[in-house]
Amino acid sequence: MKRYPFILMLSLCLVPQSLAVEPDAGTPDLAERESNLSSDLELFVQGAIKEGILTPKGSGAEPSVAEDTHSDHQPAQLVTNSPAAVRKPERTYSACEAIGAFDFTAYKDITEYQQLYKAREATSRHGDESHASPSGSDLAKTYMALGLYSEAQMVLKLSPGAEAVALGKLADLLENRHAPDVDFFSQMASCEPDAAIWLAAAELVSGSGEGVARLQGALSDFRKLPLRLRIDFTMLSVPKLEERGASALSQKLIADFNDADFANSPPLQFSRALIEMDGGSSAARKTVESFLRRPQFQEEALAAMARHDVPVNPAFEEVLLGDLMQKFGYISSDKELAASLQYALRELSARSSYKPLIKLAALPALQNPDAQAEVKRQLTASLYRDLESDEPMRNMAAIDAMIETPDILAGELSRDALFSLASGKAVRLGFRDLAKKLSEGVSMTDDFAAESAELAFRRQDYDAVLSLADKYVTNKSLNLLAARSAIRTHAPERLRIYEDRLEIEPETILALIEEDAIAGDWIVSEWVYTAARMLTGDDHERRVERVAGMRRMVRKGPSSQSRVSVSQAPAIFSRVSGSSAPVGGGN
């Protein structure tokens, strides 16, 4: 029983308007607001249905015979009366069919939102022959003259025709959320010279330098626009003009406004600050930085500060960086990311903050070639800088990032070189296990492989040296290190492998026999000693003689004589340094 009162209340809400109480003639404001609300709601519903956001009730069934399908004002559920399969394709219009679409002469005095009510009232006045009902394009222009571009777009979606298409392109340009259709504006300007000003804006926004000269010749058309359109045009153009060093043209744009316009318009204040910052004003720099707190201006403010090498206040940069990281998570427009991405990458790189950098690279908003290329470029540069740094904290930050996410450099030409560098740095820092992991699956250059082997040899990580030698069989210096490692680990079988790879050079021969003497096992092959005896030159002969003297002493001593230790080698070398006997027999 408790449900009945609620059902009754709901029924009353659904009573047809024909049964409603006549509104009091003395309250026209209320009636007008209700009319506006009803009309706005109907526009929204029909637009949402057309966009596919809402589905008409019973769209798959035949329309009811009882409904008047020819009524001027149909309920939302009757907007679509025929199946989608039999709908006629929408006609495409050329730009030249929309001549006059960008003429805002009749709307120049529209500056207040209250003026929109009259346009809405005229739109809903169907029966009054003394007032012609304005088209959807007229109402859209009224919205645009007030800077209400999203509302204008909703009206235009329900208004077929070339003019509506052209105004939709213009609303897109002024909203500046997507790349403008430069080709369309170019066609429009070829048919109607007055459209050149909008082509100039589209070219500037898209990065074309041709927009500067074109705007210079269209300033008279700029002054004919309604106030709000002039403000938004200025906000679009000034940052791009400043990037190209066209400050004089920027000055001409803002000269069209008075003090009251500046006082009431943050976009004009920001544009003027950009121009003055280019002129060297320190106060303007502070003004531009203050606009970082406003998302609408954040992109252009960051770009201008980067252009002038203006650092962000440390008290603010942490908050800004956090805001940007959130922003990257939900913004899908590339245009809204460019300057913010540059700032975020620069700051994260400077701090060696690799985890946020890697997280940034994975965000959906950055899954386009240009953004990915920029992230990889910054990441690669940061890794090189930190791995080559003398600061262990930076070294470890880079190594940690490469261990945790080894695929971050997949496809990069510098990948192997970076992992080789990281492996060598890990060896220097004493992290042999990390070094081994970093070098797994990496095709090092010969130089990097030899450097890594040298570092491993110094750390007495002989297994790492031998492993590298097995991978780089033609690397001469690496194989010499492997032969010396085999001598120190008392591995004659492995030593034979590396001896066969070595070239018979004086320094190679001397290194092997001296290493053999220090180890005391005397496992170097006889052919090496034979080659040593053939060396000439005072220094070479003196070094060969030292080893020969040690070898003779070992052979003449008792069989129980212990091996020569590393600590004993210098003294033995000193004792036999004056001997001139030839090297003794081999193994």
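Bear in mind the structure is a predicted one, so any value in this text is a computation, not a measurement.

Rules used throughout
- Residues numbered from 1 in each chain as written.
- Predicted model: local features only at pLDDT ≥ 70, side-chain atom pairs only at ≥ 80, totals over all residues.
- Heavy atoms only, no water.
- Disulfide = S-S within 2.5 Å.
- Helix = DSSP H or I, 4+ residues; strand = E, 2+ residues; numbered from the N terminus.
- Buried < 20%, exposed > 50% of the residue type's maximum accessible area, 1.4 Å probe, protein only.
- Phe/Tyr/Trp six-rings, centres within 6.5 Å; stacked < 30°, edge-to-face > 60°.
- Lys NZ or Arg CZ within 6 Å of the ring centre and 35° of its normal.
- Contact = heavy atoms within 4.5 Å.
- Expected span 1.5 Å × (residues − 1).
- Axes fitted to C-alpha atoms, helices over the stretch in contact; angles between N-to-C directions.
- Parallel < 35°, antiparallel > 145°, perpendicular 65-115°, else oblique.
- Left-handed = near helix turned anticlockwise from the far one by under 90°.
- Nonpolar A, V, L, I, M, F, W, Y, C, P; charged D, E, K, R; others polar.

Applying the stated criterion across every chain yields a total of one disulfide. Disulfide partner of Cys96: Cys191, at an S-S distance of 1.5 Å. Of the two residues, Cys96 is situated in the loop between helix H2 (28–51) and helix H3 (115–124) and Cys191 in helix H7 (residues 182–191); the sequence distance between them amounts to 95 residues.

What follows concerns the environment of Pro160. When you line up the elements, Pro160 lands in the loop between helix H5 (149–157) and helix H6 (162–175). We classify Pro160 as exposed; its relative accessible area is 76%. Residues Pro160 and Tyr93, spaced 67 residues apart in sequence, show a C-alpha to C-alpha distance of 10.0 Å.

With that out of the way, let us pick up the packing of aromatic side chains. Given two aromatic rings, their pairing is described by the distance between the two centres and the angle made by the two planes. The tally for this structure, following the rule as stated, stands at 11 aromatic pairs. Both rings, one in Phe104 and one in Tyr107, keep their centres 6.2 Å apart while their planes meet at 70 degrees; by these two values the pair is edge-to-face. Accessibility assignment for this pair places Phe104 and Tyr107 in one class, buried. With 6.0 Å between their ring centres and 90 degrees between their planes, Phe184 and Phe185 make a pair best called edge-to-face. For the pair formed by Phe184 and Phe185, the shared burial category is buried. Ring pairs connect the aromatic residues Trp198, Phe222, Phe233, Phe257 and Phe262, which therefore count as one cluster. The ring of Phe262 is capped by Arg272, whose NZ or CZ atom sits 4.1 Å from the centre of that ring.

Let's shift gears to the side chain of Glu300. Locating Glu300 in the fold gives a position in helix H16 (residues 295–307). Leave out the neighbours within four places in its chain, and Glu300 touches Met235, Pro239, Lys240, Glu243 and Phe270.

All right, on to H16 then. Each α-helix winds once per 3.6 residues, and so residues spaced three or four apart point in a common direction. Its 13 residues place the ends of H16 19 Å apart at the C-alpha level, agreeing with the 18 Å of an ideal helix rising 1.5 Å per residue. All buried positions along H16 are accounted for by Phe297, Gln298, Glu299, Glu300, Ala301, Leu302, Ala303, Ala304 and Met305. Following H16 by one or two positions, Asp309 adopts a phi angle in the positive range, close to 55 degrees.

The next subject is the packing of H7 against helix H8 (residues 196–206). Between two packed helices, the angle of one axis relative to the other and the distance separating the axes together describe the packing. Where H7 meets H8, the axes come as close as 8 Å, and the angle between the chain directions of the two elements is 155 degrees. On the basis of their axis angle, the class for H7 and H8 is roughly antiparallel. The handedness of the crossing between H7 and H8 is left-handed. Where H7 abuts H8, its residues Val182, Phe185, Ser186 and Ala189 lie against Ala196, Trp198, Leu199, Ala202, Glu203 and Ser206. For the contact of H7 with H8, a count of residues per class yields seven nonpolar, two polar and one charged.

Shape is all these values report; function is a separate question.
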